[in-house]
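Each chain, written out:
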Amino acid sequence: MENLNINDQNNTANLSALCLPRMLPLKEVTYHTGLSSTTIYDMLDKKSKRYDPTFPIQVKLSKGRVAWVESEVAAWIESKMADRIH
């Protein structure tokens, strides 16, 4: 097995960062959207008056821990910005 020099390790880390989606905890989703955690969970609840089928669904990472895919949250925000034009 070849030894990687420090530059190869940095390049590998940078490549991984480009390929892996960034996961956002609820606190960051509330920050970026300006919505409360209650509103977010209402938007995900099909029984709620606030239900929004376009809002990104969280990913279960472990027992008691969920996160949202950053690019999906960004796309949702961009779609809301685009809707205001129409």
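The numbers attached to residues start from 1 for each chain and follow its sequence in the written order. Given that this is a predicted model, residues contribute local features only at a pLDDT of at least 70 and side-chain atom pairs are listed and counted only at 80 or more, while totals for whole chains, interfaces and linings are drawn from all residues. Side-chain figures throughout are based on the complete set of non-hydrogen atoms in the structure, without hydrogens or water.

### A look at the pairing of strand S2 (residues 59-62)
DSSP calls a pair of strands paired once it identifies at least 2 bridges connecting them. Think of it this way: any DSSP run of H or I at least four residues long counts as a helix, any run of E at least two long counts as a strand, and we number them from the N terminus. For S2 and strand S3 (residues 65-69), the ladder comprises three bridges, and the chain directions are antiparallel. Considered in S3, the bridge of Lys 60 is made with Val 66.

### Notes on helix H3 (residues 37-44)
Think of an α-helix as 3.6 residues a turn; residues three or four steps apart then line up on the same face. All of the buried residues along H3 are Thr 39, Ile 40 and Met 43. Down the axis of H3, the sector holding all buried residues measures 100 degrees, keeping them to one side. Residues of H3 that are buried make contact with helix H2 (26-33), S3 and helix H4 (70-83). Only protein chains enter the accessibility calculation, which uses a 1.4 Å probe; a residue is then buried when its area is under 20% of its type maximum, exposed when over 50%, and partly exposed in between. The reported arc concerns the directions from the helix axis to the C-beta atoms and nothing else. Should any heavy atoms of two residues lie within 4.5 Å, those residues are counted as being in contact.

### Digging into the packing of H2 against H3
Between the N-to-C directions of two axes lies an angle of 0 to 180 degrees, each axis being a line fitted to C-alpha atoms and, for a helix, fitted only over the stretch in contact. Relative to each other, H2 and H3 sit at 95 degrees, their axes nearing to 9 Å. In terms of orientation, H2 and H3 fall into the roughly perpendicular class. Counted together, Leu 26, Val 29, Thr 30 and Thr 33 of H2 and Ser 37, Ile 40 and Tyr 41 of H3 form the full contact between these two elements. Basically, the charged four are Asp, Glu, Lys and Arg, the nonpolar ten are Ala, Val, Leu, Ile, Met, Phe, Trp, Tyr, Cys and Pro, and anything else, Gly included, counts as polar. Tallied by class, residues from the contact of H2 with H3 come to four nonpolar, three polar and no charged. Here is the rule for angles: anything less than 35 degrees is roughly parallel, anything more than 145 is roughly antiparallel, 65 through 115 is roughly perpendicular, and the remaining ranges are oblique.

### Details of H2
Residues of H2 that are buried include every one of Val 29, Thr 30 and Thr 33, and no others. Buried residues of H2, seen end-on, are gathered within an arc of 100 degrees and therefore sit on one face of the element. H2 presents Lys 27 and Tyr 31 as exposed residues on the side facing more than 90 degrees away from its buried surface. Tucked inside the fold, the buried residues of H2 contact strand S1 (23-24), H3, S3 and H4. Positioned one or two residues after H2, Gly 34 has a phi angle of 75 degrees, which is positive.

### A closer look at the packing of H2 against H4
Contact pair H2 / H4: the axes reach a minimum separation of 11 Å and the direction vectors enclose 20 degrees. The orientation of H2 with respect to H4, classified from their angle, is roughly parallel. In the packing of H2 onto H4, the handedness of the crossing is right-handed. On H4, the residues touching Val 29, His 32 and Thr 33 of H2 are Val 73, Trp 76 and Ile 77. Its residues placed into classes, the contact of H2 with H4 shows four nonpolar, two polar and no charged. Less than a right angle of anticlockwise turn of the near helix away from the far helix marks a crossing as left-handed, whereas a clockwise turn marks it as right-handed.

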